[in-house]
Structures are given as structure tokens and as C-alpha cells.
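Close look at the chain arrangement
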Amino acid sequence: MSLTLSAVRASQETETRVALVPKVLSSLSKSGLEILIESGAGQQAGFSDDAFGEAGARIVNEEEAWQSDIIALVTSPSDEEISRLQEKSAIVGFLQPLDDPKRISTLAERGVTALAMELVPRISRAQKMDALSAMASLAGYKATLIAANHLPKFFPLLTTAAGTVRPANVTILGAGVAGLQAIATARRLGARVWGYDIREAAREEVKSLGAQFVELDLEIDDMQDEGGYAKALMAAKAEKQVELLVPHLASSDVVITTALIPGRAAPTLVSKEAVEAMKPGSVIVDLAAATGGNCTLTVADQVQIHNGVQIFGPTNLPATVPADASFLYARTVSSMISEFMEEGEFETNFEDEIFKSACVCHGGQVVHERVLGLI
């Protein structure tokens, strides 16, 4: 009998994505899997039950979907959903292991094997499984559109018979995937763009997109870790960085912040003083809102107005473009699952760097060192 793989409907009201889409089903079927789709799972992303059925999936109810051998999901399951899982089943999705390690313990107690997509290592062989980068790119794009839509000015230079409108000044703090996409989008919209990151490697990436690099006199060594992420600055230098950014942010019409450190609160980059130095009508979009925010005035999933400056704290921008977000996410999830299918069986291979990095629990135990350190 074939192993079953199901995609379930997200339990969170704000989550519109689905973990599998019709276009990826054929490759999964070739791996020897029977594909089940919970009825309505793809509805909010524009994928009907009929579309899944035509692609070879079997449409099932909620109870049957959660009884599958492998479950693909977008966000971490609730306690109620965990109770439905079969012992020795596997789940693959964004599980927030570093933010919610207790839930990983609950999964371990249930006896499941759990692979966290956010822990996929940044190595060449794993690029096709890099769900974080795919979602970050969408977030950077949408953040720029939010800013452009709410800024009471044009982004581009505009010359008319009535006069010339100068382009908006846009600053992107953090030049990872989301930041670079924000830079590219702001440039395409015609703004004057600056980018900043504490990682020396980011300088050329920012300049390659036609933006200027913000130079701060911090005297720091290379701040990139082995995984390609930024390291945390020492407290004194972190405070100095915030101070040095104030005059540059004061001249910006838009600030988009994207700085994250996995497993830690977001670093502060935009102080209250910096916000008060910006012109009324200016816009801040804080993509680190879910982990505390890069701006001290950010409130997750709310819009704050301080001295006329609009501060947006979105926590799930990919869900605002669910069709493409689901397609990209499904490609990464299907690649992950297919990678460890051998002769119709899902193989747990802790000798494999990708599996070892992504697996957070197996055999009734939490097996990921970083997660264990947080429990």
C-alpha cells in the first residue's frame, strides 16, 4: 500500500496559503505517494478541489487528511491538530521551532517525525527547498507596495508641465532576501534607494541593484555567520548603530526594515528619536514585527501613527499573495519530501545534512540541538 501524503487546511484565520498545489502533484506521485487534499484547503489561494482532483489527488475530509502518513502544512499545528496525528507519521512545514520550542516537545511526545522548513540549511543542494527565501522575497515585494500605496508622494521622478516632482527617498535596513527584493522593487518604481546591512558581503549586493550603500562608522568585523545570516552586534555597538542611522532615516520618505536573527528577538534599528526626526507622512514598514520589530514603536499587525509617521507591522505578507506564495512554497515542500523518498518509503536519514538540520523531533524525542537548548 502506498504511503499517503496530505495537504491540510490552515487553522489560522489569517493564513490563506496551502502547502501543495496541483502543479507539484505529479512529481510527488512519481515518488510512490498517494496524494490527499483536505476539501477546501486551497480555496483561499485559488486552487479548487476540482483542480486538485484533475491533477490526481483524492479529496478527503478533515479527519482523514490528518490521519495521513505524511502531512504537509504551512504553519505549526495546534494542540488539537497534534492530537489527531498518527504515531510515527511525519509532518513538514513552518513549525517555528526556535520561537515555540514547547510545541516541538508536544510533537515529540506524539511520536511524529517533524521537519521544519525554516531550518533548511543554506547550501547549494538545498536551494530548491529554501522556503524561507521564497517567502521573504514575496514579503520584500509587498512591503514596498504598501509603502508606495500609503506614502503621500510619488516614488518616481515625475516631470510635468506644472512642474517636476522629485523622487522619493527609500531606505532598506537589512539586505537579505527580503531586503534585496524591496530594493529591487523600489528601484523599479523609480525611487532613490539606499540599503544597509552589517554584513560586509551585502555591500556589493546592494550596489548591484543600483542602490547606494549606507556607510556607518562602526568599525565592525564581518557579521555574517556560517548560515549566511547576520550575527547580533555587541550591545554598545548596537546602540551606536541606532544613533548613527538617525540622520539618514530623517531624510528618508520610506524605511523598510527586514533585519532578523534566527531564534532571537529582532534587533532594534529605528528608535523613537529616528521616527520623530522623519517628516510627517513618511512610512515605515517593519518586516520584523513578528519577533518584536526593528522599530521600537512597531506593533505586530497594526498601523501606528507617531508624529505623522505611519508605522506598519505586518507579520504574514506572503499570505496576501496566496496563489504565488502557495506555488513557491509547495515547490519547496515537495522537493523536501521527494528528497527523502526511497522505494516508496519516507527515509529518516540523519547522515544527510539537510535532514539533520531540518528535523526537530523523531522517535519520541526532540533531536535538534538548538531547539533542545531552548526547552
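**Thoughts on the pattern of salt bridges**
Per the stated rule, a full pass over the model turns up 15 salt bridges. In this structure, Glu64 and Arg58 form a salt bridge, with 2.9 Å as the shortest nitrogen-oxygen distance. A residue is classified by how much of its surface remains accessible, and Glu64, at 32% relative accessible area, is partly exposed. Overall, Arg58 belongs to the partly exposed group, its relative accessible area being 37%. Connected via shared salt-bridge partners are Arg125, Lys128, Glu339 and Asp352.

**A closer look at helix α5 (residues 101-110)**
The complete set of buried residues in α5 reads Pro101, Ile104, Ser105, Leu107 and Ala108. All buried residues of α5 lie within an arc of 160° about the axis, which places them on one face of the element. Every exposed residue of α5 that faces more than 90 degrees away from the buried side is listed here: Lys102 and Glu109. Of the surrounding secondary structure, the elements contacted by the buried residues of α5 are α4 (79-82), β5 (90-93), β6 (113-116), β18 (359-362), β19 (365-366) and α13 (369-372). Backbone geometry just after α5 places Gly111 at a positive phi near 85°.

**Some remarks on the nonpolar core**
In terms of nonpolar packing, the biggest core is built from 46 residues, with Leu20 and Met336 touching the most fellow members. Every element with two or more residues in this core is listed here: β1 (3-7), α1 (25-30), β2 (33-38), β4 (70-72), β5, α6 (131-150), α11 (322-339) and α12 (353-358). Ala191, Val206, Phe213 and Leu287 belong to the second-largest nonpolar core, a separate cluster that totals 28 residues.

**Regarding the environment of Asn169**
One can find Asn169 in strand β9 (residues 169-173). Placed 113 residues apart in sequence, Asn169 and Ser282 show a C-alpha to C-alpha distance of 10.0 Å. If near-sequence neighbours (up to four positions away) are discounted, Asn169 is found in contact with Arg192, Trp194, Ser251, Ser252, Asp253 and Val254. Within the local environment of Asn169, its side chain forms a polar contact with the side chain of Arg192, the two groups lying 3.5 Å apart.

**Things to note about the environment of Ile305**
Within the secondary structure, Ile305 is located in strand β14 (residues 303-306). Separated by 23 residues in sequence, Ile305 and Ser282 have C-alpha atoms that sit 9.9 Å apart.

**Concerning the pairing of β18**
A regular strand places its side chains so that they alternate between the two faces of the sheet. In the sheet, β6 pairs with β18 via two bridges, with the strands oriented antiparallel. Note that in β18 the partner of Ala114 across the bridge is Cys361. Bridge count between β18 and β19: two bridges; the pairing is antiparallel. Bridged to His362 within β19 is Gln365. What sits between β18 and β19 in their antiparallel hairpin is a turn of two residues, with Gly363 showing a positive phi close to 60°.

**A short note on the sheet that holds β4**
Taken in spatial order, the eight strands make up an open sheet running β3-β2-β1-β4-β5-β6-β18-β19, and their pairing is mixed. Each of the sheet's edge strands pairs with one partner strand only, and the pair in question is β3 (58-60) and β19. Note: β4 against β5, three bridges, orientation parallel. Paired with Ile70 across the two strands is Ala90, which belongs to β5. Against the sheet, α11 engages β1, β2, β4, β5 and β6, with an angle of about 145° to β5.

**Focus: the pairing of strand β15 (residues 309-312)**
Here β15 shows two buried faces, one formed by Val309 and Ile311 and the other by Gln310 and Phe312. Where strand β13 (residues 283-286) lies against β15, three bridges are found, and the strand directions are parallel. Paired with Ile284 across the two strands is Ile311, which belongs to β15. As paired strands, β14 and β15 are joined by four bridges and run antiparallel to one another. Along β15, the bridge assignment pairs Gln304 with Ile311. The hairpin turn running from β14 into β15, its antiparallel successor, is two residues long, and Asn307 in that turn takes a positive phi close to 50°.

**Digging into the side chain of Ser76**
When you line up the elements, Ser76 lands in the loop between β4 and α4. Residue Ser76 is classed as buried on the basis of its relative accessible area, which comes to 8%. Excluding its chain neighbours within four sequence positions, the residues that come into contact with Ser76 are Gln12, Phe94, Leu95, Gln96 and Arg103.

**So, empty space enclosed by the protein**
One pass over the full model with this rule turns up one cavity of 30 Å³ or more. Residue lining of the largest cavity: 13 residues in total, with Val8, Arg9, Ala10, Leu73 and Thr75 positioned closest to the centre. Residue composition of the lining of the largest cavity, by class: six nonpolar, four polar and three charged.

What counts and how
- Residues numbered from 1 in each chain as written.
- Predicted model: local features only at pLDDT ≥ 70, side-chain atom pairs only at ≥ 80, totals over all residues.
- Heavy atoms only, no water.
- Salt bridge = Lys/Arg side-chain N within 4 Å of Asp/Glu carboxyl O.
- Buried < 20%, exposed > 50% of the residue type's maximum accessible area, 1.4 Å probe, protein only.
- Helix = DSSP H or I, 4+ residues; strand = E, 2+ residues; numbered from the N terminus.
- Arc of directions from axis to C-beta.
- Contact = heavy atoms within 4.5 Å.
- Core = buried A, V, L, I, M, F, W, Y, C linked by side-chain atoms within 4.5 Å.
- Polar contact = N/O pair within 3.5 Å; in protein donor to acceptor, adjacent residues only side chain to side chain.
- Pairing = 2+ DSSP bridges.
- Axes fitted to C-alpha atoms, helices over the stretch in contact; angles between N-to-C directions.
- 1 Å grid on protein atoms, 1.4 Å probe; cavity = no way out; pocket = protein on both sides within 12 Å on 5 of 7 lines; lining within 4 Å.
- Points joined across faces, edges and corners; volume = space filled by probe spheres on them.
- Nonpolar A, V, L, I, M, F, W, Y, C, P; charged D, E, K, R; others polar.

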